[in-house]
Amino acid sequence: LTSCENKEITGGNYHKTEIEHLLRVVTMEHPIGNKGWKRVTERHNEHYPQQMQDSIRRIFDKLRNKKPKTSQSESPPHIKDACKIFELIKRETMSHTEESSSKASLGVFLFLIN
């Protein structure tokens, strides 16, 4: 790949190795909210300094939302990976929400019966 193609694939000023590292960090951290993305930024910046939290989150969102070109039968691997990681985070968020809701309901129930 030429550097232009590489940048097109990874989205701007990011190189493929940096995108791969970012996806590994996001996989490990499962960022939910600003605190999670702050941890991702800190860990990512250990290897690729000078990236801002908003920029890192924006590139991840861009990757997970990217559709394959009409000439491509399927998305490149890093796009697929970003989508899979996002689905894992979404499921984890939903399970935390359901768990919190169940605990709150249980707390209300216990309060009412006492």
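Below, the structure is looked at part by part. These numbers come from a predicted model, not from an experiment.

### Some words on the packing of helix α3 (residues 33–45) against helix α4 (residues 53–65)
Phase 1 of the analysis: With their axes 9 Å apart at the nearest point, α3 and α4 run at an angle of 95 degrees to one another. Accordingly, the angle class assigned to the pair α3 and α4 is roughly perpendicular. Residues N34, W37, K38, V40, T41, H44 and N45 of α3 form the contact with α4, whose own contacting residues are Q53, I56, R57 and F60.

### Things to note about the nonpolar core
Phase 1 of the analysis: Counting residues in hydrophobic clusters, the biggest one holds 16 residues, and the most contacted among them are L23, V26, V40 and F60.
Phase 2 of the analysis: For this core, the secondary structure elements donating two or more residues are α2 (16–29), α3, α4 and α5 (77–113).
Phase 3 of the analysis: At 5 residues, the largest contribution of residues to this core is made by α2.
Phase 4 of the analysis: In contact with V26, not counting residues within four places along its chain, are P31, W37, V40, F60, I85 and I89.

### Details of the side chain of E18
Phase 1 of the analysis: Here E18 shows up in helix α2.
Phase 2 of the analysis: Classification of E18 by relative accessible area gives buried; the value is 6%.

The rules behind each value
- Residues numbered from 1 in each chain as written.
- Predicted model: local features only at pLDDT ≥ 70, side-chain atom pairs only at ≥ 80, totals over all residues.
- Heavy atoms only, no water.
- Axes fitted to C-alpha atoms, helices over the stretch in contact; angles between N-to-C directions.
- Helix = DSSP H or I, 4+ residues; strand = E, 2+ residues; numbered from the N terminus.
- Parallel < 35°, antiparallel > 145°, perpendicular 65-115°, else oblique.
- Contact = heavy atoms within 4.5 Å.
- Core = buried A, V, L, I, M, F, W, Y, C linked by side-chain atoms within 4.5 Å.
- Buried < 20%, exposed > 50% of the residue type's maximum accessible area, 1.4 Å probe, protein only.

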